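Next come the chains, spelled out residue by residue.
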Amino acid sequence: MAVDLGAAASIAPEHRHRKGLAYPNPLAKNPGQPQFPAPVTRADGTTLQVADPVATRLMVALMDMNAVIGGAACHWGGPAALAEIMSSVHGVMFSRPGTWYDHFNFANDAGHTENGVYALKANYGFAGVTVQDLKGFRSISSKLTGHGESHLFPEGVMVSNGPLGSSLPIAQGLAMADRLADNKRATVCVISDGAMMEGEAKEAVSAIPGLAGKDQVNPFVLIISDNNTKLSGRVDADSFSMQPNFQALEALGWHVVKLANGNDLQAAFTAVETAIRLAEGDRTKPVVLWAKTVKGYGVAATEKSASGGHGYSLAGADAVNGKLRAFVAEVNKGQPLPAWAEAWLIEIETAQKAKAEKAAQPRDANAGVPTTAPAPVKKDKIQAGFPKAMIAAADKGLPVVSVSADLQGSTGVAPFRQKYPQLSFEVGIAESNMVSTAAGFSKQGYIPVVDTFAQFGVTKGLLPLCMANLSQSPVIGVFSHTGFQDAADGASHQGLQYLAMTGAIPHVTTYCPASAEEAEWAMGEAIQHFVDERAKGHHPDSVLFFCGRENFAVSLKPEGASYAWGKAMTVADTTAGTAKKVVISANGSLVAHAIKAADALAKEGIGALVLNNAIANKPDLAAHQAALAACGGKLVTVEDHQVIGGAGQTLVASLVAAGTPVQVKILGVKGEFGQSAYTADELYAKHGIDAKAIAAAAKALG
Ligand SMILES: Cc1ncc(C[n+]2csc(CCOP(=O)(O)OP(=O)(O)O)c2C)c(N)n1
Ligand SMILES: [Mg+2]
């Protein structure tokens, strides 16, 4: 029987409301005045000093440079677009008498702009953040991670962010909980236009006014940064215009406040103040502030670039060639830099100059003497192999199509799309839609390749992946940036459960190639598999490729070996003449580390057979059994993934079920989220899955 939820309204208020469980709120209380202020006039005519958005942009430019020098990519365009709006929102929140969080929940859905919020916090000294702290942005020792993370920075971040469209529905829940508790609090959520393409965001955009109309939501303000720009380019040109969606907000029940120039501080402040006042005045009518912004605002080149300068474009060398100085000078509108920024800039310039001079110095007395050092190993990203095979198949006339969701440049499929634009589609930032659309293509006989980061493919795309296979409509997935390989972006982007989540879907093969050469070969096989199976009237399996993002040796194939689908290749054998031996089974990004561990073990007289266990959910039992027989049953498995449900557990379960004697150490992540670091290696070391840990595990087996 349906429950009449409408009946709640007739229940007396003292019985209708119920408080949640009390637990300590870790958020920092109101800070003092910003160190670098800018004045705005409030509706009541008084002046308020808010954080100067120019200081925000200066800090973002400089902290990004520190991180880039460390080895991390960073965001510029998004935080630059939102500087005035973020200053206004925090100005209103922090100037409320009492404790700001008794009046407001704040959720930033635009997680890639969180560095701008860190800068603002440093300006206020909020939660103890200092300008000095910004210099460690994205490093393993900092709580200022690539996106906002409440597990590492609970005093500064209420709701973790990063995956677009995922924080807005949490904000909906915060506001509904406040209504149930009969709190007075309002919720403010900031989102960018690209993120509004996500299904999760669209669901919340429908639900919030609908439920608010039934008095189930506390005052709600949604601020949309509409700059018609996403990661790879302009929203309307690449996919489709979001303007009809924004025009529909009023019909959905939102009170729409329009802001023509979100980069005008006074206009932004007035609009934010108005939106909050309206929402607080009538909780049944949530307010959306539809703000036009300019992505990459403050620097002409980034404003003009198609992506709005999404990623920070400067490199370490730009600190010594004057480009960084010119960049920050432009951000500061040609005015002399404030002392703190000048000192920070000089600090970066001096360090980089010293580094460059050191690098130029001869290393030792023998410098200049020709050496016989082996030629360096050719390296590339693993993903580079995929488009080559896709292009080769399309060149043969096969119906390969690419369905993307704004990350085609990052996942590596872009070359296919450049050569075959007529076979390429972009559904916007909408991974769920991407997979389901591909399933539709598959049903019609196409060979669809979808691509995104592993974390988004297996989370937002999971039910669509199930339904695709349940509809005999398999897809090929290029899911990159697996695990700690997405080091700098932090925990929200570090998919560490992708094999566990997808490996049990019927008719799915999870494939983790270890090199670009293997990726090219395996993609070619996956495409051919579609052709062969469809010709027989069968339905092929979906093949989901998972790969890292850093550079690896282009080939790990030993001379004389050849690739074979379903076979685990032996990529290193150091067992000749050794008494003690071990099998190391690795996949993807960690195969190279396993080989390194084998080399280290060999120096200590321990031999190893390193197997590339590429197909994680259907391991090559025979190859592992043969290797184990040669190595006394000793096995170390290692992966850039959670131990639970990973390749190691799957392999060991099948070995044990087959009665194979095995003594094993399973290396992987032990039930923890990750965090930002400049490089994956730092996180591999921290979580005990690097070459050193592999060698130690092998020795511990005795
Ligand atoms: C679910 C998800 N998919 C993809 C990404 C990668 N990503 C980060 S920012 C971005 C573009 C965001 O566009 P928009 O929301 O308009 O922000 P703006 O460019 O205006 O800063 C993308 C695709 C992500 N963070 N989350
Ligand atoms: Mg945008």
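Note that the structure is a prediction, hence the values are computed from the model and not measured. (Residues numbered from 1 in each chain as written. Chains lettered and ligands numbered in written order. Predicted model: local features only at pLDDT ≥ 70, side-chain atom pairs only at ≥ 80, totals over all residues.)

Undergrad: Got a minute to help me understand the overall build of the protein chain in this structure?
TA: Counting secondary structure elements, the protein chain contains 28 helices and 20 strands. Since a compact globule built from 702 residues should have a radius of gyration of about 27 Å, the 27 Å found for the protein chain is in line with a globular shape. C-alpha atoms of the protein chain, sized along the principal axes, occupy 85 × 80 × 50 Å. Out of the 702 residues in the protein chain, the part that is buried amounts to 54%. Contacts spanning at least 24 positions in sequence make up 79% of the contacts within the protein chain whose residues lie at least 6 apart. (Helix = DSSP H or I, 4+ residues; strand = E, 2+ residues; numbered from the N terminus. Rg over C-alpha atoms; globule rule 2.2 N^0.38 Å. Buried ≥ 20, exposed ≤ 12 C-beta atoms within 10 Å, placed from the backbone. Contact = placed C-beta atoms within 7 Å.)

Undergrad: Even after reading the chapter, I still don't get the site of ligand 1, so can you show me in this structure?
TA: Taken together, 25 residues are adjacent to ligand 1, and Gly78, Ser192, Gly194, Lys230 and Leu231 come closest. The element that contributes the greatest number of residues to the shell around ligand 1 is helix α3 (residues 77-94), accounting for three residues. (Near = placed C-beta within 6 Å.)

Undergrad: Is there a simple way to think about the packing of helix α2 (residues 53-70) against helix α15 (residues 339-360) in this case?
TA: A pair of packed helices is captured by two measures, namely the crossing angle of their axes and the spacing between those axes. Where α2 contacts α15, the two axes come as close as 11 Å, and the packing angle between them is 20°. Taken together, the axes of α2 and α15 are roughly parallel relative to one another. Pair α2 / α15 crosses with left-handed handedness. Across the interface between the two elements, Leu58, Leu62, Met65, Asn66 and Ile69 from α2 touch Ala341, Trp344, Leu345, Ile348 and Gln352 from α15. In terms of residue class, the contact of α2 with α15 is made up of eight nonpolar, two polar and no charged. (Axes fitted to C-alpha atoms, helices over the stretch in contact; angles between N-to-C directions. Parallel < 35°, antiparallel > 145°, perpendicular 65-115°, else oblique. Left-handed = near helix turned anticlockwise from the far one by under 90°. Nonpolar A, V, L, I, M, F, W, Y, C, P; charged D, E, K, R; others polar.)

Undergrad: Quick question: what am I supposed to make of unusual backbone geometry here?
TA: With the exception of glycine, the majority of residues adopt a negative phi angle, and the majority of peptide bonds are in the trans configuration. Positioned with a positive phi, alanine 127 is a non-glycine residue whose angle comes to about 55°. By C-beta crowding, alanine 127 is classed as buried, having 20 other C-beta atoms within 10 Å. Within the chain, aspartate 406 stands out as a residue other than glycine whose phi angle is a positive 80°. For aspartate 406, the location among the structural elements is in the loop between β9 (400-404) and α17 (408-411).

Undergrad: Where do I start with helix α28 (residues 691-700) in this structure?
TA: Since the α-helix turns once every 3.6 residues, residues separated by three or four places project in the same direction. Where α28 is concerned, the buried positions are Ala691, Ala693, Ile694, Ala695, Ala697 and Ala698. Buried residues belonging to α28 abut β17 (580-586), α24 (591-603), β18 (606-612), β19 (634-642) and β20 (663-669). A positive backbone phi angle near 85° is found at glycine 702, which sits one or two residues after α28.

Undergrad: How should I be thinking about the sheet that holds strand β14 (residues 542-546) in this particular structure?
TA: Paired through backbone hydrogen bonds, the strands of a sheet run either parallel or antiparallel to each other. Ordered by their spatial adjacency, six strands build an open sheet running β10-β9-β11-β12-β14-β13, and the pairing between neighbours is parallel. Strands at the two margins of the open sheet, each flanked by one partner only, are β10 (424-426) and β13 (508-511). On average, each strand axis in the sheet is tilted by 20° relative to the strand beside it, whichever way the strands run. Relative to β10, β9 is paired through three bridges, and the arrangement is parallel. Across the sheet, valine 403 pairs through a bridge with phenylalanine 425, a residue of β10. Sheet strands touched by helix α16 (residues 385-395): β9, β11 (447-453), β12 (476-480) and β14. Its angle to β9, the strand with the most contacts, is close to 140°. The strands touched by helix α19 (residues 431-443) within the sheet are β9 and β11, with β11 carrying the most contacts at an inclination of about 170°. (Pairing = 2+ DSSP bridges.)

Undergrad: I'm lost on the domain arrangement of the protein chain in this one. Help?
TA: You'll often see interface size given as the accessible area lost when the parts meet. Domain boundaries in the protein chain define domain 1 (32-304), domain 2 (380-552) and domain 3 (568-700). Distance from the C-alpha centre of domain 1 to the C-alpha centre of domain 2: 32 Å. Between domain 1 and domain 2, the residue contacts involve 25 residues of the former and 18 residues of the latter. (Domains from an automatic or database assignment.)

Undergrad: Teacher, can you tell me more about the sheet that holds strand β5 (residues 220-226) here?
TA: Read from one edge of the open sheet, five strands run β3-β4-β5-β7-β6, paired in parallel fashion. One side of each edge strand has no neighbouring strand; the edge strands of this open sheet are β3 (104-108) and β6 (255-259). Neighbouring strand axes in the sheet, compared pairwise and without regard to direction, differ in orientation by 15° on average. Pairing between β3 and strand β4 (residues 186-192): five bridges, direction parallel. Paired with phenylalanine 104 across the two strands is alanine 186, which belongs to β4.

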